[in-house]
Each structure stands twice: as structure tokens, then as C-alpha cells.
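A look at the structure
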Amino acid sequence: MANPSTTQSPPLHKQEYSRSRYANRAFSLVYACAILALLYHHAISLLHPSSLVSLSISLSLLISDAILAFMWVTAQAFMYRPAKRRVFIEKLNEAMKDRDFPALDVFICTADPYKEPPMSVVNTALSLMAYNYPTNKVSVYVSDDGGSQLTLFAFMEAAKFAREWLPFCRDKGILERSPEAYFNSKHCRCTDAENIKILYESMKRKVESVIERGKVYNEYITTDDEHKAFSKWTDEFTRQNHPTVIQVLLDNEKDRDVRGQVMPNLIYLSRQKSITTPHHFKAGALNTLLRVSATMTNAPIILTQDCDMYSNDPQAPLHVLCYLLDPSIRTTLGYIHFPQRFHGVNKNDIYASELRTLFQLNPMGLDGLAGPTYVGTGCFFLRRVFFGGPSSFITPELSELSPNHVVDKSIQSEQVLALAQLVASCDYEKQTHWGSKMGFRYGSLVEDYYTGYRLQCEGWKSILCHPERAAFLGDAPITLIDTLNQSKRWAVGLLEVAISKYSPLTFGVRSMGLLMGLAYSHYGFWPILSIPLTIYAFIPQLALLNGISILPKVSDPIFLLYVFLFLGGYGQSFVGFILGKGTTQRWWNDQRMWMIRGISCFLFGSFEYLAKHLGISRLGFSLTPKVIDHQQRKRYDQGMYEFGVKSPMFVPITMAAEINLVSFLVGIKHLINEGDKEGLFLQVCLAGFIVVNSWPIYGAIFFRADKGKMPTKITIISTGLIVALYLIFRLPLKI
């Protein structure tokens, strides 16, 4: 990367630490003492059990509270020293002229034209190609891991449209540079805008027509180059078994827009696949992009982008330069991350899809330490970061893949394309360090978390860039099952890292220090929350149905300890959420989804991880669908939970809702009559709290008739399992 002027440059960014950190540390100290007192109470109870049932219940509560305590302790790492940053883009030209800006390679990954509609991917690419950045320094690479001619056709059409779209964006100075987002907004109604809209709608109809037919027929092919490209899709060409396809759609040495300005490079890539060779899912696709881009452009800066995350701010790369040009941090700076933010989320975010804590609040906490984790999209890397630590460079097997290599040939030259074909072959990585010591790391379904973790263990730092205007906006799941399936995949991948030789509790603490190790442990062990949440959703309720008190009496001093821990934990979460510009209703839905995830996708993800390591099943990478059903969208916008499908993950959710409702009603009866009022009060409160959180589930079971209601089969199975669970729990009480 070119160095800035040797003269004294103005400060381009500023970091400030949160003033609330001291109050939080004081509270954490008090809260930690309360946790120790609770665990001591559980330990004493274990020493003097009145029966085997009492011992079992006491042990389960101890395990539950120990796990909750562990997760709370690890979460304090995010609150130790939260930081906020500002950049001063207006001073950037004083430090470096546009002509000296470093080149930028953009990686966009897609894998299925039916789950990830090509027009959505096209909009993402067009928004990135239209950055306020020298176009001769931008190269956009699209990795199509589905090997679909439909995706290639969509990008051929996008390349033609880009010649009109990019100059229009520059001339009008628009911010929403995704055509779909722009035309759906209150855009300019001038003649130019309407003409561009006509071109866009024409392209969209053409692409969607091809997708509907499932094949690119000759009537859509207009040039010999296009015919040659599509001829590679023979009868033997399948999704999992096909040769490499590299197609240069735009070349900045030759292609110009309608104003005569240079166009950015646009390259389509579908790496070679073989059913006999592991392809390592998205991490493998990204490593192929790393190598192919190295042979063609080898830009020192790389942006990784999800296919549905379009640019919402054309100045995002300029924000990044404000950090990269700082000599005081440049030697160890590995990547700059923008938080994931979403459009189309309903008013109260019923599924907690924005994941505010994960994507915005926790990264601010890490930014005061060694920097945020990598979460897959909106991340600008220095290419050097993928070749060893700051002081331990790993030399790649080919000199052309080195981050220091200068490409001096055209991207369409035979030599460059031949080398690109070589490094994209499915067996290229054999006997190399790719995926282990170089590039994106293999070994977890959450390749982003694992890669960022390993990079920071090697000594690289990162920065959170969180401007007021979202740099990127993406699609959030609008159905509960899509939300849970996505989280289940995360759960499996996180456990693959947490329970390995690279566990953040051991390897991470040694490599990064205590606080960063704890922070990564909080993510890695996230799925084990399924244990305490499942226990607290069922055990106290089963005891309540049998009139058995297992929680402290109101007159017991430990009762106040329980109340403090509950209110303190929720209060800390609420204050942090509100200070992070959240709303009360969104916070409530966030904590509800925390419980729903705990007894569904975290639970199933943990079992799936165990099954894999016992050799019972084999894991696969599942995509979150980006296709929108209009009826589902309507219900989502109305704030209605979407069940509708007969998913096993809905069974424990329904079971918890049913047993808590019944036990709450039985508990109220005990309190009204001459039951153990003091002893059962906490259990009744717990059941009542879960009942309030379960209201959308009751609505789906009892009050709804639309297609998003809870399937009757799920309700019947759940009810049967609850009855069986009650009988099993009651059996030892009769002995």
C-alpha cells in the first residue's frame, strides 16, 4: 500500500472510551459477590440432601447457575472498556491524494440462485462498484459456489447496466447506490432517473425470466463471447462436480461507461468442484478468491461482503483509509469492521434479527481492547493479514500469491488466466498451509468467527468503524424457522472452536490475554446456555405441579439474593441496550428470543455437534434463504410470529409454553388456597414470567387460523411429551 506524505498529516480519527465503564465495574464487583454467594448456597444444599430427588434437583440448579455465572463473567469483558471512534474524512486529501489511494478487491460470495436471488447479488455488486473511489482501483470478484449459469447471466446483464448506473450515481451524488434500494426510496423523479429506472426494470425482467425458465437459452445470448462462456455448462456440469469458470465481465483497461470514464473490474468465478475433494464451504470459496485475485489484481485491501449486504454509504472506503493511514497503528492493524445492520426489520424486531448486542454493542466493547471479531461481511482486510502474524510472515507456495507481488499483466492475458485457473482448482490446496496457517481458516462452520479469532491470536488488531449512517444494509430473516436455522448453524460452528485445541479459554487467553480470551469464550460457549435455560423452563414447573418447593422461601434471605441477581442481570442488559440506542420493546423481544434460541436452536445445535463427533451425522453448510414470501412478509410487518412448518425445533418451545401456563395456573391455585405460599412464590413468578414471554406462542396455538399458526401436529406431540415428562418426574416421588 502506498505510504502517505512524509510531512506531518492531520489526525484522521479519534477514539473515546465510555464514561459508564467505571460504574459498570463497580456493579460487576457487587454482582460477582452475589453469584459466589448463590453458588455457595447450592454447594451447601448438595451436602445435605433429603432424598435422591432433592439431590438431583439441587445438582441441576447448581449446574445451571454455574453456567449462567460463567457466561455472565465472560460477558463482562465487553463492558470493561467500551470505545467509540470518529473519523475526519474531510482531512483525508491532506494526507493522500485520490491517485495514490491503494487498490481495493471486493469479494462477494453466493451459492444458490434460488435461495439467494441473482438480482439481490447484482444490486450488492453494483452498489460496491459505485463507491466514491477511483474506479481504476476497484475490482469486484463474484464467487458463485453453486456454479450457476443463471448467476453468470445476471452479471453479464449487470455489467451492461453498470455503464449507465455508475455515472448516474456520480452525477446525482446519490447515497443509495443499490438500484433496488434507490428506486424503492423517495428518489429523484427527473428524466434521467426515470430513464435509468426503465433500463433497470428491463434488466430485472430479463434476468428473472431466465431464472424462471431455469436455463440461459440461445435467444438470450447476443455475442460470441457470451456463447463461449455458456458452452462450459455441459450435461456433465453439476453443482458439486464441474471445472473452474472464470469470466472477466468488465476490464478497467478497456471498458468505459457512457461518459467515457474507466469502469471497475468485474470478474465472475466459480471454482472447480469435485465430489471426491472437500471444498470447505464459504471459507474455501474465500480462499479461492484470495488466490485468484492475487494473480489478477492483488490489491492490498480486501472487502468481504455477503451477497445480500448492499452498500448504503459510498464513502465507506474513505472511512477505512482514515485508519489505514495512521502510522501509529498500521503495523499491527489487520482489519476494519463495520457492524452488520439491516433494512426491512419490523418496528419492534420480533425475532431480534438485528442482533444489536452481537453486532453493535459487544464490538464497541472489544474496540477498547484488541478490536472486534470478524462477522463475515462489511470487513476491510489488509491482504497481508492472511499470511502469518505481524512479525511472522508465511511465504506462499507461489510468489504470485504473495501480498507484495506486483501484477504487471492484463487480467485477460493468457498467462494470468492460466495461473488463475490453476489456483482455483479443487486439489490446489493439498500439501499447502491454506486453511490452517494462511487465508481463511477451516475447521468450523462459522469461518468468520474462527478466522478473526485465529488472526487476533497471531497478534493482529482490529477496529470497529461505526458511523451514524449504516455503511451496509442487508436482509434479515422474516420467519422464525429461518432465524433458528441460522442460529443452529452458528451454535455448531462455535462449539467446534470452543471445544478444540484452539479453545479461547486456553489457547485464546494465552495468545491474546485474559479479557480477549473471555470475550471469545463468551461467543464460543454461547450454545451451552441451552442447559440452564432448558432446566429453568421445565424443572421448577414440574416441581410446582407436584406442590414441591425447590426455590427459596420469601422469608429466606436467599430469596433476596435471587431477586437481586434476576433484576440486576436484566437491568444491566436493559441499560446497555437502551444506551446503545435500542428501544424498550426491542429489548423485550431480544430477551424473549434469547430464551427461545436457548431451548431450540442452541439445544439442537449442541446435539448436532455431539452427533458429529460421535460419528453419527455429517454436518453441512445451510444457506439462509433470501427469497421473500409476500404473505409471510405481511404477517412479519404486523408483528406476528411465523411458525407454519413442522420443525422439531418448535417442539421444545411449545412444550415450555404449555407446561409454564399449566404450572402457573396450578401455582396460583396453591397460593390462593392453603398451600406453601412462601415456598412456591418464586416458582409461580418464574412460570408467570415465561408465560408472558410465551404469548406469541399461545396466539399461534389457540387464536390464529392463518398459514403462520403453530402446526397441529407440533402441538399434539408437545402435549404428549409434556404428559410423559410429568409422569416420569412424578414416578420417583411415589417411591
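Please refer to the structure higher up on the page.
All of these numbers come straight from a predicted model, not from anything done at the bench.

What counts, and where the lines are drawn
Residues numbered from 1 in each chain as written. Predicted model: local features only at pLDDT ≥ 70, side-chain atom pairs only at ≥ 80, totals over all residues. Heavy atoms only, no water. Helix = DSSP H or I, 4+ residues; strand = E, 2+ residues; numbered from the N terminus. Rg over C-alpha atoms; globule rule 2.2 N^0.38 Å. Lys, Arg positive; Asp, Glu negative; His and termini not counted. Charge placed at Lys NZ, Arg CZ, Asp CG, Glu CD. Axes fitted to C-alpha atoms, helices over the stretch in contact; angles between N-to-C directions. Parallel < 35°, antiparallel > 145°, perpendicular 65-115°, else oblique. Left-handed = near helix turned anticlockwise from the far one by under 90°. Contact = heavy atoms within 4.5 Å. Nonpolar A, V, L, I, M, F, W, Y, C, P; charged D, E, K, R; others polar. Polar contact = N/O pair within 3.5 Å; in protein donor to acceptor, adjacent residues only side chain to side chain. Core = buried A, V, L, I, M, F, W, Y, C linked by side-chain atoms within 4.5 Å. Buried < 20%, exposed > 50% of the residue type's maximum accessible area, 1.4 Å probe, protein only. Disulfide = S-S within 2.5 Å. Salt bridge = Lys/Arg side-chain N within 4 Å of Asp/Glu carboxyl O. Pairing = 2+ DSSP bridges. Phe/Tyr/Trp six-rings, centres within 6.5 Å; stacked < 30°, edge-to-face > 60°. Lys NZ or Arg CZ within 6 Å of the ring centre and 35° of its normal.

Looking at the overall build of the chain
- Scanning the chain from N- to C-terminus turns up 25 helices and 15 strands.
- Its C-alpha atoms give the chain a radius of gyration of 28 Å, within 12% of the compact-globule value 27 Å for 735 residues.
- Viewed in the frame of its principal axes, the chain has a C-alpha envelope of about 90 × 60 × 55 Å.
- Charged side chains of the chain number 73 positive and 62 negative; the gap between the two group centres comes to 5 Å.

What to know about the packing of helix α1 (residues 21-47) against helix α2 (residues 52-79)
- Contact geometry of α1 with α2 gives a least axis separation of 10 Å together with a crossing angle of 165°. If you check the angle between α1 and α2, you find them roughly antiparallel. The chirality of how α1 crosses α2 is left-handed. Mapping the contact onto sequence places R21, N24, S28, Y31, A32, I35, L38, L39, H42, S45 and L46 in α1 and L55, S58, L59, L61, L62, D65, A66, A69, W72, Q76 and M79 in α2.
- Of the residues assigned to the contact of α1 with α2, the class counts are 14 nonpolar, 6 polar and 2 charged.

Re the side chain of E642
- Mapped onto the secondary structure, E642 falls in the loop between α21 (630-637) and α22 (650-672).
- At 2.8 Å, the side chain of E642 and the side chain of R635 are in polar contact.

Focus: the nonpolar core
- Grouped together as the largest cluster of nonpolar side chains are 208 residues, with contacts concentrated most on W165 and F381.
- Here this core takes 14 residues from helix α5 (residues 149-172), the largest share from any one element.
- If we ignore the near neighbours within four places in the chain, the residues touching F381 are P300, I301, I302, T304, G334, Y335, Y374, F386, F440 and L455.
- Counting 5 residues, the second largest nonpolar core, distinct from the first, contains F577, W587, M595 and F689.

Some thoughts on the state of the cysteines
- Counting across every chain of the model gives 0 disulfides.
- C426 takes part in no disulfide bond, and the closest cysteine sulfur to it belongs to C109, at a distance of 18 Å.
- A residue is classified by how much of its surface remains accessible, and C426, at 22% relative accessible area, is partly exposed.

With respect to the pattern of salt bridges
- Summed over the entire model, instances satisfying the criterion amount to 28 salt bridges.
- The partner of K160 in a salt bridge is E226, and the shortest N-O contact between them spans 3.2 Å. Here E226 lies in helix α8 (residues 224-230) and K160 lies in helix α5, a separation of 66 residues in the sequence.
- The exposure class assigned to E226 is buried, which follows from its relative accessible area of 8%.
- Taking the shortest distance from any N to any O, the salt bridge between K409 and D408 comes out at 3.5 Å.
- Judged by its relative accessible area of 36%, K409 is partly exposed.

Some details on unusual backbone geometry
- One non-glycine residue, F281, lies in the positive phi region at around 50°.
- As for its placement among the helices and strands, F281 is situated in helix α9 (residues 281-296).
- Relative accessible area serves as the criterion here: at 30%, F281 is assigned to the partly exposed category.
- Here Q431, not a glycine, exhibits a phi torsion of approximately 65°, which is positive.
- Its location among the elements puts Q431 in the loop between α12 (414-423) and α13 (447-457).
- Residue class for Q431 comes out exposed when judged on its relative accessible area of 82%.

A word on the sheet that holds strand β4 (residues 138-144)
- One open sheet holds the 8 strands; their spatial order is β5-β6-β4-β3-β7-β11-β9-β14, and the pairing between them is mixed. Taken across any chain shown, the strands that pair with only one partner, and hence form the sheet edges, are β5 (245-250) and β14 (461-464). Taking each pair of neighbouring strands and ignoring which way they run, the sheet shows an average axis angle of 20°.
- When β4 meets strand β6 (residues 265-270), the two strands line up parallel, connected through 5 bridges. Directly across from V142, in β6, lies its bridge partner Y268.

Let's talk about the sheet that holds strand β8 (residues 310-311)
- With mixed pairing, the 3 strands of this open sheet are ordered in space as β8-β15-β10. The open sheet has two free edges, formed respectively by β8 and β10 (342-343), since each of these has just one partner strand.
- Here β8 pairs with strand β15 (residues 472-475) via 2 bridges, running antiparallel. Bridge pairing links Y310 to L473 in β15.

A short note on the packing of aromatic side chains
- Summed over all chains, the structure comprises 53 aromatic pairs.
- One aromatic cluster in this structure is built from F161, W165, F168, Y182, F183 and Y200.
- Its end group placed over the ring of F88, K91 keeps NZ or CZ at 5.0 Å from the ring centre.
- One cation-aromatic arrangement involves R454 over Y502; the distance from NZ or CZ to the ring centre is 4.0 Å.

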